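Residue strings, one per chain:
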Amino acid sequence: MKFQAIKGVRDILPPDSALWNRVEQAAREVFSTYGYGEIRLPIFESAELFARSVGIETDIVNKEIYLAVEPSLATHEKDRNQLLMENTEDAPNKDAARARIDFHIELTKAGVRSGAISQQDNELILQEFANLQKNGQLLAGADWVAYVRRAKDLLSKLCYLPQLSLRPEATASVVRAYIEHGMHTRPGNVKLYYMGPMFRGERPQKGRYRQFYQIGVELLGASDHPAIDAEVIEMLLAFFERIGLKGTALSINSIGDKQCRPKYVETLRAALREVKDKLGADSQRRIETNPLRVLDSKAPDERPIIEKLPRIAEHLCDGCRNHYAELKRQLALRGVSYTENWRLVRGLDYYMRTTFEVTATGLGSQDAVCGGGRYDGLVEQLGGPAGTKGIGFAIGTDRVILSLEHQAGDAKPPAAIEVYLAWMGAAAYPAAVALAQKMRRQGTAVELPAVEMRFGKSLNLADRLGAKYAVILGDDELASKQFTVKRLADGDQKKLSESDLLSYLLPRTQ
Ligand code: HAM
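Structural notes, computed from the coordinates.

### Examining the overall build of the protein
Here is step 1: For the protein, the count of helices and strands is 20 helices and 16 strands.
Here is step 2: The C-alpha atoms of the protein give 31 Å as radius of gyration, which overshoots the globular expectation for 510 residues (24 Å, by more than 25%).
Here is step 3: Across its three principal axes, the protein shows a C-alpha extent of roughly 100 × 70 × 50 Å.
Here is step 4: Taking all 510 residues of the protein together, the buried fraction comes to 47%.
Here is step 5: Entry remark: accessible area of the protein is about 25700 Å², with carbon and sulfur atoms responsible for 52%.
Here is step 6: The averaged location of the 66 negative side-chain charges in the protein is 2 Å from the averaged location of its 69 positive side-chain charges.

Below is the structure:
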């Protein structure tokens, strides 16, 4: 059987991974100059966390989440199924009863461990099961048969829903960690960044994967001053500048808050109902479930209809309008240019007020390289201190890399190897090992062949590996203590002592 990576996930191989490392390293450097520290988060969390933060009605949670089963839960389910299949109705014996009690204890534990989604139903079933089986092993005849049937019936109803989810995003995890570790007691704003894989079961295409990578930032604290939003956006653009990503475009919007948005949503819903027949099936459904999402529909024939819908900017309350105006002033102060996009509502439920997105070139339809916004109620909603504010963004690393590669065109990525150490003759090998160690210690990337090769073959391989230099070490070099170094690009060749060779390589490798 030939294995392949599953659909929508991919391997990132060298030399491409070098660009990934460069991008991630730049993020670390830029974010730390703004006072952010790295948070390392788990890849899986309770499924409930995402349902309650990202939102049950969103595509991400509703259609795209990867659920995982706790191994102990799977074992319990298997045990349960086996018990149901056993024919114990007419063979009462103490061992079977004992096994059932043990199993019941295990199930009770599993019920407690299995989290909240199915807990309610399971608890009721387990309770009835416990009452029923109190004296079950003492029953006989028809009573025994009735008891076993009822017990099996109850067990068959126990629900083993997966309670874990591979994270589709990381804001929810950051907020969970913020609350769990009481980070609100830390001085000033809590500024965190993270990087790593996220999982969404979307239809794969260029720039859209089922395992994709994000570099994200979250700032949590007591203030929601627009200067905070503006600095977060400034930092994001500083990062894009540092990695040399060209053709980026920033869009911003305000989607209001608890006060003004519900009223706007109703106005929007009413307007949408009037044009319902002209909309596609997805948008028609969203009129009732989540009308804001109709605004960012990508369907070209819906665009002219959407253009005529009521706009949130005209329905913001005073607080939100002032916040948005000050955000724009703060962005101007920082020399940040942007476009306002009233349709930018974002696909996650936790946002309020500021939302923003950055697009880049060379990506086709999946051109958003970053999305973010403010989520002031989320900490409280997940059980944290009331009044905590939050804002952040996540960069789609896969798309940033694609855009950078598109920009670079055919330019070759730098080779991993600088020096190919071609040794010849058994006596030269120990000297080659020692020389390779010295070069590597000073930071030069060296390829030392494990077996002796003919000179021509060695140089050919050095060339194909993309090495800049071949250093030649044979009997002559050993005797004269002068190493031959050949620059492969133009064939320039010189003989150098060991210390001269090391310093000759040094400036070019730093
Ligand atoms: P998001 O807009 O869902 O926001 O994702 C952010 C970015 O992740 C997108 O702009 C895109 O570049 C990338 N992305 C999303 N899905 C995929 C995919 N299937 N394949 C490749 N790239 C993808 C969030 O995740 C929020 N947590 C951002 C945030 C942080 N808001 C506040 N703080």
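From this point, the discussion proceeds with the structure in view.
### Section: the pairing of strand E10 (residues 368–374)
Here is step 1: Judged by how many residues are buried, E10 sits mostly within the fold: six of seven residues are covered.
Here is step 2: Sheet topology places strand E9 (residues 352–359) next to E10; six bridges connect them, and they run antiparallel. From the neighbouring strand, glutamate 357 faces E10, where its bridge partner is glycine 371.
Here is step 3: In the sheet, E10 pairs with strand E11 (residues 389–396) via five bridges, with the strands oriented antiparallel. The residue of E11 that forms the bridge with glycine 373 is glycine 392.

### Quick word on the side chain of arginine 200
Here is step 1: Within the element layout of this structure, arginine 200 appears in the loop between strand E5 (190–199) and strand E6 (211–221).
Here is step 2: Filtering out sequence-adjacent residues up to four positions away, arginine 200 remains in contact with Ile60, Glu64, Tyr66, Pro168, Glu169, Tyr209, Arg210, Phe212 and Gln214.

### Details of the nonpolar core
Here is step 1: Ranked by internal contacts, the top residues of the largest apolar core, which has 96 residues, are Phe31, Phe239, Phe240, Phe393 and Ile395.
Here is step 2: Sorting elements by how many residues they give to this core places helix H9 (residues 226–242) first, with eight residues.
Here is step 3: With near-sequence residues (within four places) excluded, phenylalanine 239 lies in contact with Val23, Ala26, Ala27, Val30, Phe31, Ile215 and Ile395.
Here is step 4: Core analysis: the second largest hydrophobic core is formed by 20 residues, Ala428, Leu473, Val485 and Leu501 among them.

Cut-offs applied
Residues numbered from 1 in each chain as written. Predicted model: local features only at pLDDT ≥ 70, side-chain atom pairs only at ≥ 80, totals over all residues. Heavy atoms only, no water. Helix = DSSP H or I, 4+ residues; strand = E, 2+ residues; numbered from the N terminus. Rg over C-alpha atoms; globule rule 2.2 N^0.38 Å. Buried < 20%, exposed > 50% of the residue type's maximum accessible area, 1.4 Å probe, protein only. Areas by Shrake-Rupley, 256 points an atom, 1.4 Å probe, with all protein chains shown as cover. Lys, Arg positive; Asp, Glu negative; His and termini not counted. Charge placed at Lys NZ, Arg CZ, Asp CG, Glu CD. Pairing = 2+ DSSP bridges. Contact = heavy atoms within 4.5 Å. Core = buried A, V, L, I, M, F, W, Y, C linked by side-chain atoms within 4.5 Å.

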